[in-house]
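Single-letter residue listing:
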Amino acid sequence: MPVESGSSAAARQAKQKRKSHSLSIRRTNSTEQDRSGLQRDMLEGQDSKLPLSLRSNLLDLFSQIEREFENLYIENLELRREIETLNDRLAAEGQTFEGADLAKGALKTKASHSTSQLSQKLKTTYKASTSKIVSSFKATTSRAVCQLVKEYVGHRDGIWDLSVTRTQPVVLGTASADHSAMLWSIETGKCLLKYMGHQGSVNSIKFHPTEQMALTASGDQTAHIWRYMVQLPTPQPVADISQTPCEDDVDFSDKDEADGEAEGPNDCPSIRVATTTLRSHQGVVIAADWLVGGKQVVTASWDRAANLYDVETSELVHSLTGHDQELTHCCTHPTQRLVVTSSRDTTFRLWDFRDPSIHSVNVFQGHTDTVTSAVFTVGDNVVSGSDDRTVKVWDLKNMRSPIATIRTDSAVNRISVSVNQKIIALPHDNRQVRLFDMSGVRLARLPRSNRQGHRRMVCCSTWCEDNTTCNLFTCGFDRQAIGWNINIPALLQEK
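None of the values given here were measured: they were computed from a predicted structure.

**Q** Pulling in residues and values, what's your account of the overall build of the chain?
**A** When its secondary structure is counted, the chain shows four helices and 30 strands. Here the chain holds 495 residues, and the buried ones make up 46% of them. For the chain, contacts bridging at least 24 residues in sequence account for 53% of all contacts bridging at least 6. With the model as given, the accessible surface of the chain reaches about 25700 Å², and the carbon-plus-sulfur share is 50%.

Next comes the structure, spelled out in structure tokens:
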């Protein structure tokens, strides 16, 4: 009785495999046709608020995904069969060589080595293709804990900017499109003072480094300096809010609970007259900040210029021109006479006033869309954010190219950097707030759902290092500011 050789058996199995594969493809195609017809029938019978065309497109997309997974599954099955066939051949060849008299050891070693190499290659291919499916379902866990502590509600329109005082008492300031700026008790969430001196949207608020004075920029083409005196209320026990690991409670509902008219703060004193009014811009003043020492301020406007003023005399000292389009933000260095301005012309500029006789300027073209903000850190870094969905970290000593680039899925608004922990807080158009370290590694995402978090675009973020209850504040066009307690373990930051 003739005995079938190993090679002929392998050829017969390969032929059967090709036949079964072609049959499986035909079965898949016929199944797809039946499934598509069934899906159309289901569309007509289901009660849904989605348009029929949209539901049909969704089903087509899910069908394509299902076909891709099915093809990968069939490919994996075929690879498994090939591995089994090669293992059987390896075993058969091993038995044959054991019965031979000449060169038994050399032939067995050569056959085993070549076959095992091919088998190992197929196993690697199989694992790689399988990992494509498995890796897409792996969930990453974060040890960072982000806790929503307090909501500050009282503005009647969106909040553009917010800031925390640098002197005692420590209060939170917000600037709103409702033509007002408010000062809040961080612990109680109560409004302490309301500034109503502007005739347009209040776009920015910054506090004097040593005195109880605030600087606000407005759409009425002016910047105001006004003094304040507040008395903090008695702190109340904070409600027990369970700590929420960042990114675990995310809901993309479009429900907007702040659409109704918000009730104004009760018994909140107001100021209507500024101590100093800074005029000379021919367009909206979008931002303003104090230079180190607090004797001068800089303003940024849609008239494509930034102006440097003397606080005591209200006189214009310098007009910083050069941007090709409207300015979007300005920021000053905490310890040196440096100013950075950002613009819709995709650039930001560094202005150096350290030498009174020479005012140098450097232009940086690192983005492809509007630069929404650029801020200094305590060290020698500048961090810039843009509508091109990137954030870039620059070294002041060598700013030819960024030392880190963060790529996101949404436009980035006014960013802030933690002084102590050096964490960058990124507020997004898509209502999310993400935290990164200075090397570009993502640390956390603040939780957002129907019950907590922002329900519209997040406009700005700011850190408060000295407050143990809230160390990060965000504001948005849902008319509220939120105080967060962020706990990022040191080990997580070192990764």
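**Q** Residue-level account of the UniProt feature "repeat: WD" (unreviewed entry) in the chain, with values.
**A** UniProt records the feature "repeat: WD" (unreviewed entry) for residues 152-194, 195-226, 278-319, 320-361 and 364-404 in the present numbering. Between the first and last C-alpha atoms of residues 195-226 the distance is 9 Å; the span itself is 0% helix and 53% strand.

**Q** Tell me about the confidence of the model for the chain, and please be specific about residues and values.
**A** Put simply, the chain has an average pLDDT of 81, and 73% of its residues get 70 or more. Across residues 96-111, where pLDDT falls below 50, the model places eight contacts with residues more than four positions away in sequence or in other chains. Note on residues 130-142: pLDDT is under 50 here. Beyond four places in sequence and across chains, it has six contacts.

**Q** Could you give me a rundown of the packing of aromatic side chains, with the residues and numbers involved?
**A** On inspection of all chains with the given rule, the structure shows nine aromatic pairs. Look at Y152 and W184: their rings are 6.1 Å apart centre to centre, the planes differ by 65 degrees, and that puts the pair in the edge-to-face class. Remark: W184 occurs in strand 4 (residues 181-184) and Y152 occurs in strand 1 (residues 145-153); sequence separation between them is 32 residues. The exposure class assigned to W184 is buried, which follows from its relative accessible area of 1%. On the numbers, 4.5 Å between centres and 5 degrees between planes, the contact of Y195 with W226 is stacked. Residue Y195 is located in strand 5 (residues 191-195), and its partner W226 is located in strand 8 (residues 223-227); the two are separated by 31 residues in the primary sequence. With respect to burial, Y195 and W226 carry one shared label: buried. Following the ring pairs from residue to residue traces out a cluster consisting of Y195, F207, W226 and Y228.

**Q** Report on the side chain of T462, specifying residues and quantitative values.
**A** By the secondary structure assignment, T462 is in strand 28 (residues 458-463). Excluding anything up to four places from it in sequence, T462 contacts L162, S163, V164, S416, N471, L472 and F473.

**Q** Describe the pairing of strand 28, with residues and values.
**A** For strand 28, a buried count of six out of six residues is recorded, marking the element as mostly surrounded by other parts of the structure. Pairing between strand 28 and strand 29 (residues 472-476): five bridges, direction antiparallel. Considered in strand 29, the bridge of W463 is made with L472.

**Q** Now, about the nonpolar core: what can you tell me, with residues and values included?
**A** F348, V383, I424 and L426 are the most contacted members of the largest nonpolar core, which totals 25 residues. Looking at this core element by element, the count peaks at four residues for strand 20 (residues 371-376). Apart from the residues within four sequence positions on either side, L426 is in contact with V391, I406, T408, V412, I415, Q432, V433, R434 and F436. Counting 18 residues, the second largest nonpolar core, distinct from the first, contains V149, V170, M182 and C191.

**Q** Can you explain the sheet that holds strand 7 (residues 213-218)? Please cite residues and give values.
**A** As a general point, the strands of a sheet are linked pairwise by backbone hydrogen bonds and lie either parallel or antiparallel. Across the sheet, four strands lie side by side as 6-7-8-11; this open sheet has antiparallel pairing. Two strands lie at the open edges of the sheet, namely strand 6 (202-207) and strand 11 (276-278), each paired on one side alone. Strand-to-strand twist of the sheet, defined as the mean angle between neighbouring strand axes without regard to direction, takes the value 20 degrees. Two elements, strand 8 and strand 11, share three bridges in a ladder whose sense is antiparallel. When the sheet's bridge partners are listed, H224 is paired in strand 11 with T277.

**Q** Can you tell me about the sheet that holds strand 25 (residues 423-427), naming the residues and giving the values?
**A** Taken in spatial order, the four strands of this open sheet run 24-25-26-27, and their pairing is antiparallel. With partners counted over all chains shown, the strands left at the sheet margins are strand 24 (416-417) and strand 27 (442-445), one partner each. Across two bridges, the pairing between strand 24 and strand 25 is antiparallel. Bridging from a neighbouring strand, S416 pairs with A425 of strand 25.

**Q** A description of unusual backbone geometry should follow, citing residues and the corresponding values.
**A** A cis amide bond, omega -5 degrees, links Q168 with the succeeding residue P169. Along the chain, P169 turns up in the loop between strand 2 (159-164) and strand 3 (172-176). Even without being a glycine, K422 presents a positive backbone phi close to 55 degrees. Looking at the element boundaries, K422 is found in the loop between strand 24 and strand 25.

Calculation notes
Residues numbered from 1 in each chain as written. Predicted model: local features only at pLDDT ≥ 70, side-chain atom pairs only at ≥ 80, totals over all residues. Heavy atoms only, no water. Helix = DSSP H or I, 4+ residues; strand = E, 2+ residues; numbered from the N terminus. Buried < 20%, exposed > 50% of the residue type's maximum accessible area, 1.4 Å probe, protein only. Contact = heavy atoms within 4.5 Å. Areas by Shrake-Rupley, 256 points an atom, 1.4 Å probe, with all protein chains shown as cover. UniProt positions renumbered as here; feature names shortened; annotations may be inferred. pLDDT = per-residue confidence, 0-100. Phe/Tyr/Trp six-rings, centres within 6.5 Å; stacked < 30°, edge-to-face > 60°. Pairing = 2+ DSSP bridges. Core = buried A, V, L, I, M, F, W, Y, C linked by side-chain atoms within 4.5 Å. Axes fitted to C-alpha atoms, helices over the stretch in contact; angles between N-to-C directions.

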